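Survey of secondary and tertiary structure
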Amino acid sequence: MSNVLLDVQGLSRRFGGLKAVDGLSLQIRPREIVGLLGPNGSGKTTALNLISGVLAPDSGSVKINGHEFAGSPAYRITHHGVGRTFQLVRLFNTMTVRENVVAGMAFTNGRLFGREAARQADALLERVGLSGYAGKEAGQLAYMDQKKVELARALAGRPKVLLLDEWLAGLNPTELIDAIALVRSLKDEDISILMVEHVLEAVRSLCDHCVVMTAGAPISYGTPAHVLSDLEVVRAYLGD
Ligand code: ADP
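Residues numbered from 1 in each chain as written. Predicted model: local features only at pLDDT ≥ 70, side-chain atom pairs only at ≥ 80, totals over all residues.

1. Considerations on the overall build of the protein
- Helices and strands together make up the secondary structure of the protein, namely nine helices and 10 strands.
- Relative to a compact globule of 240 residues, whose C-alpha radius of gyration would be 18 Å, the protein shows 18 Å and is just as compact.
- With 240 residues in all, the protein has 42% of them scored as buried.
- When contacts within the protein are restricted to residue pairs at least 6 apart in sequence, long-range pairs at least 24 apart make up 65% of them. (Helix = DSSP H or I, 4+ residues; strand = E, 2+ residues; numbered from the N terminus. Rg over C-alpha atoms; globule rule 2.2 N^0.38 Å. Buried ≥ 20, exposed ≤ 12 C-beta atoms within 10 Å, placed from the backbone. Contact = placed C-beta atoms within 7 Å.)

2. Describing the environment of L124
- The residue L124 is located in helix α4 (residues 114-127) in this model.
- Accessibility expressed as a C-beta count within 10 Å gives 24 for L124, which makes it buried.
- Separated by 74 residues in sequence, L124 and H198 have C-alpha atoms that sit 27 Å apart.
- Among residues more than four places away in sequence, those in contact with L124 are V101, A152, L155 and A156.

3. Quick notes on the sheet that holds strand β3 (residues 33-37)
- Read from one edge of the open sheet, six strands run β6-β7-β8-β3-β9-β10, paired in mixed fashion. In this open sheet, the two edge strands, each paired with only one partner strand, are β6 (82-84) and β10 (217-222). Strand after strand, the sheet turns through a mean of 20° between neighbouring axes, direction not considered.
- In this sheet, strand β8 (residues 192-196) lies alongside β3 in parallel orientation, the contact comprising four bridges. Its bridge partner being in β8, I33 is matched across the sheet by I193. (Pairing = 2+ DSSP bridges. Axes fitted to C-alpha atoms, helices over the stretch in contact; angles between N-to-C directions.)

4. A short note on the sheet that holds strand β4 (residues 59-64)
- In space, the four strands of this open sheet follow the order β2-β1-β4-β5, with antiparallel pairing throughout. Edge strands, defined here as strands with exactly one partner in the open sheet, are β2 (18-28) and β5 (67-68).
- In this structure, strand β1 (residues 6-15) lies alongside β2, joined through eight bridges in antiparallel fashion. Each bridged residue has a counterpart across the sheet, and for L6 the counterpart in β2 is I28.

5. A word on the packing of α4 against helix α5 (residues 143-156)
- One way to put it is that α4 packs onto α5 with a least axis distance of 9 Å and a crossing angle of 130°. One element, α4, and the other, α5, form an angle in the oblique class. Taken as a pair, α4 and α5 cross one another with a handedness that is right-handed. Across the interface between the two elements, A121, L124, L125 and R127 from α4 touch A152, L155 and A156 from α5.
- Tallied by class, residues from the contact of α4 with α5 come to six nonpolar, no polar and one charged. (Parallel < 35°, antiparallel > 145°, perpendicular 65-115°, else oblique. Left-handed = near helix turned anticlockwise from the far one by under 90°. Nonpolar A, V, L, I, M, F, W, Y, C, P; charged D, E, K, R; others polar.)

6. Observations regarding the site of the ligand
- If you check the shell around the ligand, you find F15, L18, A20, G38, N40, G41, S42, G43, K44, T45 and T46 and nothing else.
- Among the secondary structure elements, those contributing two or more residues to the shell around the ligand are β2 and α1 (44-52).
- No other element matches the three residues that α1 contributes to the shell around the ligand.
- Its residues placed into classes, the shell around the ligand shows three nonpolar, seven polar and one charged. (Near = placed C-beta within 6 Å.)

7. Digging into the confidence of the model for the protein
- Overall, the predicted model of the protein reaches an average pLDDT of 91, with 95% of residues at or above 70.
- Taken element by element, the predicted model of the protein shows its lowest mean pLDDT in helix α9 (residues 231-238) (82) and its highest in β1 (98).
- Note on the complex model: pTM 0.92, ipTM 0.98. (pLDDT = per-residue confidence, 0-100.)

8. Topic: helix α6 (residues 173-188)
- Relative to the 22 Å expected for 16 residues at 1.5 Å per residue, α6 spans 23 Å between its end C-alpha atoms, a close match to the ideal helical length.
- Looking at the packing, one finds that the buried side of α6 touches β7 (161-165), β8 and α7 (200-206). (Expected span 1.5 Å × (residues − 1).)

Structure representation (structure tokens):
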């Protein structure tokens with residue numbers, strides 16, 4: 001069990017009579033990219049919400065570096081090294097790109113203000129390929145660039161584990177190549193990733209392991225090649 005950064009066991013959450021997440025377990029080790037796959041409505045976003053503290057689980061365990069955080073508020077989980085992006089980009093549209101990134105520093109050790117915060121934000125913007133955008137209004141940026149701002153804001157919290165919710169969706173083929181390279185470079189910087197993703201090209205080229213869910217429950221674990229050829233997974237996607 002050593003060496004596990006994020007250890008999720010038996011995670012469950014109901015909405016009324018619906019079991020949105022039902023006994024999900026997964027582990028992420030340093031420098032691993034784990035894919036969370038499944039058809040629409042299978043509970044993937046709810047799982048990210050439970051892990052990141054946006055929602056409280058009914059039962060199950062979420063350990064970060066061996067410490068239990070299930071049910072803890074989102075800011076504590078961010079503070080302990082788990083950052084995330086959202087499926088629908090959530091920026092402060094009328095604030096500048098730099099201000100959006102600085103907002104992501106709010107829960108790190110030793111809050112940053114003023115020039116040092118701006119300097120670090122600009123370095124993160126350069127990191128995601130947005131140098132020169134710092135002073136622009138976030139809402140004016142193209143979709144791909146807004147996604148990059150959201151990523152820079154998540155990185156501003158200095159995550160050890162990053163949860164990406166369909167971060168690669170909706171990109172054209174050129175943008176996709178660029179975005180895949182960016183995600184891979186995060187791994188090279190010792191950031192581990194749990195990614196909810198439908199873009200199979202990205203899953204195949206990035207993920208070390210995958211978990212596939214249907215109706216809230218995990219049905220297949222393994223390498224991308226294994227799970228994507230698993231008959232049960234194929235049936236789940238086809239709605240058989
Ligand atoms: P996915 O991300 O795999 O598309 P979701 O986690 O968004 O799936 O949703 C899983 C199930 O939980 C769906 O049936 C969805 O309608 C339901 N659900 C999600 N959030 C809520 C909520 N806040 N209240 C009630 N039902 C919800």
